[in-house]
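Close look at the chain arrangement
Next come the chains, spelled out residue by residue.
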Amino acid sequence: MAQSSNPSKLSLSSNFTPKPLLKLHPNSSLPTKLKRPPTFKILSSLSLPPPPPPNSKVTSNKTLNLVSLLRAIPDWADRIQERGMKQNRALYNHEKWVDHRSSWRHLRHLLSSLQSRVILSLVPPVLAFTSVAVVIAGYNTAVDLHWLPGFFPVLRASSLPYQLTAPALALLLVFRTEASYSRYEEGRKAWTKVIAGTNDFASQVIAGVDNSSDESIKSALLHYIMAFPVALKCHVMYDSDIGRDLQNLLEVDDLAVVLNSKHRPRCIIEFISQTLKVLNLEESKRTMLESKISCFHEGIGICEQLMGIPIPLSYTRLTSRFLVLWHLTLPIILWNDCHWVVVPATFISAASLFCIEEVGVLIEEPFPMLALDELCSVAQNNIKEAIATEKVIQARLIGKRRHSYKHSPNGWPNT
């Protein structure tokens, strides 16, 4: 109370004059503590994005895991399919034909189903459509048991549209497979002509070129002829190692020229043509040998046509879309008659029809289905055997000429 009675002490007058903490003179310098330039922190709503909510990162990770899981199965099936496309096919002999028509073949084929790349490549579509059938069957069951509100309808439909469109789907699959098989047959015939032309060309060179003057050039020409089917095989087969396949047939310099060329089979043909010009042959014989090269050009044309021109894509897409829509709606069509049996019915239908379509797609590219490696090996072995046989026969004939006897009319040799 004594302080409140003294008004001078409670005065709030502004007699105070502020004094600067530092007096800066014109020639004075800043203290050492202030030599570092000041830093400023800008606080703005636009400077940094707001931190994401804690659940968004978890949701994005789950989405990525689900997408990677859904992609893993088709990628696995594609790897199996491509690995099977690169397998070497074998030519059949008598033992394989006996095994092929054996009465045990059905059981053997059934037990080896899980090793078939055709069946394994069907896992993604068959699994997808079977899952759709399970979902539709579960939904209809929930509606029938009144687990869902009453305004949810049961997914059912008449089977009459399927009865009308089933022949169209069957015709699509038959024509698709038939068109693919015709391409396979055309590729097989083209390679039959190439191998037969190779053997014929080599036999003409062996018989028509003299060994005395052009033995080294003749040997090089025969190796070029043997190299052509190998070069054509590597030209039409994906991921082929032409350097490895030709290293035992061509010299290093010749192989380097072939590898540097853009069209390896035509480069081999050019080697053959230039070698024929170097040989000491009669003009008629040289013309005859040059005419044998036409079968090589024809083989290249047919193979490149089959590789570059597939079956019309509209036909392939129509068949695929028809199959997909058919199996997406199949559980709805069969629900009234089958109920939960729609699940195995969809599985069997998808496995059967998609398997037919898959076979048509596989044989559409005919060359991985043919035993091209063995065909090239057979051609090389035939030519090498013909060369060895020619030397043996020539030696025998020369020996007979040296040791010939003059026979009398009664068949006994004269001494």
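Residues numbered from 1 in each chain as written. Predicted model: local features only at pLDDT ≥ 70, side-chain atom pairs only at ≥ 80, totals over all residues. Heavy atoms only, no water.

For the rest of this paragraph, the subject is a negative patch on the surface. Together, Asp75, Asp78, Glu82 and Glu365 make up a negatively charged patch on the protein surface. You can see Asp75 is positioned in helix α1 (residues 54-85). (Patch = residues over 30% accessible without salt bridge, like charges linked within 9 Å, V, L, I, M, F, W, Y side chains within 5 Å. Areas by Shrake-Rupley, 256 points an atom, 1.4 Å probe, with all protein chains shown as cover. Salt bridge = Lys/Arg side-chain N within 4 Å of Asp/Glu carboxyl O. Lys, Arg positive; Asp, Glu negative; His and termini not counted. Charge placed at Lys NZ, Arg CZ, Asp CG, Glu CD. Helix = DSSP H or I, 4+ residues; strand = E, 2+ residues; numbered from the N terminus.)

Considering all chains together, one arrives at 10 salt bridges under this definition. Note that Lys292 is salt-bridged to Asp200, the shortest N-O span being 2.8 Å. Note that Lys292 is positioned in the loop between α11 (283-291) and α12 (294-308) and Asp200 in helix α6 (residues 160-208), a separation of 92 residues in sequence. Residue Lys292 is classed as partly exposed on the basis of its relative accessible area of 23%. Given the relative accessible area of 29%, Asp200 is considered partly exposed. Here Arg244 makes a salt bridge to Asp245, at a shortest N to O gap of 3.5 Å. Residues joined by salt bridges that share partners form a network here, namely Lys233, Arg244, Asp245 and Asp373. (Buried < 20%, exposed > 50% of the residue type's maximum accessible area, 1.4 Å probe, protein only.)

Let us look at the nonpolar core. One finds Trp191, Phe201, Ile225, Leu246, Ile272 and Phe367 to be the most contacted residues of the largest nonpolar core, which totals 56 residues. Elements that contribute at least two residues to this core include exactly α6, α7 (211-236), α8 (242-246), α9 (252-260), α10 (264-278), α12, α14 (342-364) and α15 (372-402). No other element matches the 12 residues that α7 contributes to this core. In this view, Leu246 contacts Ala227, Val230, Leu255 and Val258; residues no more than four positions away in its chain are not counted. The next biggest cluster of nonpolar side chains, apart from the first, holds 13 residues, and it includes Leu169, Leu323, Leu330 and Leu353. (Core = buried A, V, L, I, M, F, W, Y, C linked by side-chain atoms within 4.5 Å. Contact = heavy atoms within 4.5 Å.)

A few words now on the confidence of the model for the chain. Any residue range with low pLDDT should be treated as having predicted coordinates unsuitable for detailed reading. Across the chain, the average pLDDT comes to 83, with 80% of residues at or above 70. Element-level mean pLDDT values for the chain span from 72 in α1 up to 95 in α12. Segment residues 1-48 is flagged for pLDDT under 50; beyond a separation of four residues in sequence, or across chains, it makes 7 contacts in the model. (pLDDT = per-residue confidence, 0-100.)

Here the focus is a nonpolar patch on the surface. Where nonpolar side chains cluster on the molecular surface, the patch consists of Leu145, Trp147, Leu148, Phe151 and Phe152 and spans about 570 Å² of accessible area. Structurally, the position occupied by Phe152 is in the loop between α5 (123-144) and α6. Residue class for Phe152 comes out partly exposed when judged on its relative accessible area of 32%.

Attention shifts here to the packing of α5 against α14. Relative orientation of the contacting elements α5 and α14 amounts to 160°, with a least axis distance of 9 Å. By the angle class used here, α5 and α14 are roughly antiparallel. For α5 against α14, the interelement crossing comes out right-handed. Together, Pro125, Val126, Phe129, Thr130, Ala133, Val134 and Ala137 of α5 and Val342, Val343, Thr346, Phe347, Ala350, Ala351 and Phe354 of α14 make up the contact between the two elements. Residues that form the contact of α5 with α14 fall into these classes: 12 nonpolar, 2 polar and no charged. (Axes fitted to C-alpha atoms, helices over the stretch in contact; angles between N-to-C directions. Parallel < 35°, antiparallel > 145°, perpendicular 65-115°, else oblique. Left-handed = near helix turned anticlockwise from the far one by under 90°. Nonpolar A, V, L, I, M, F, W, Y, C, P; charged D, E, K, R; others polar.)

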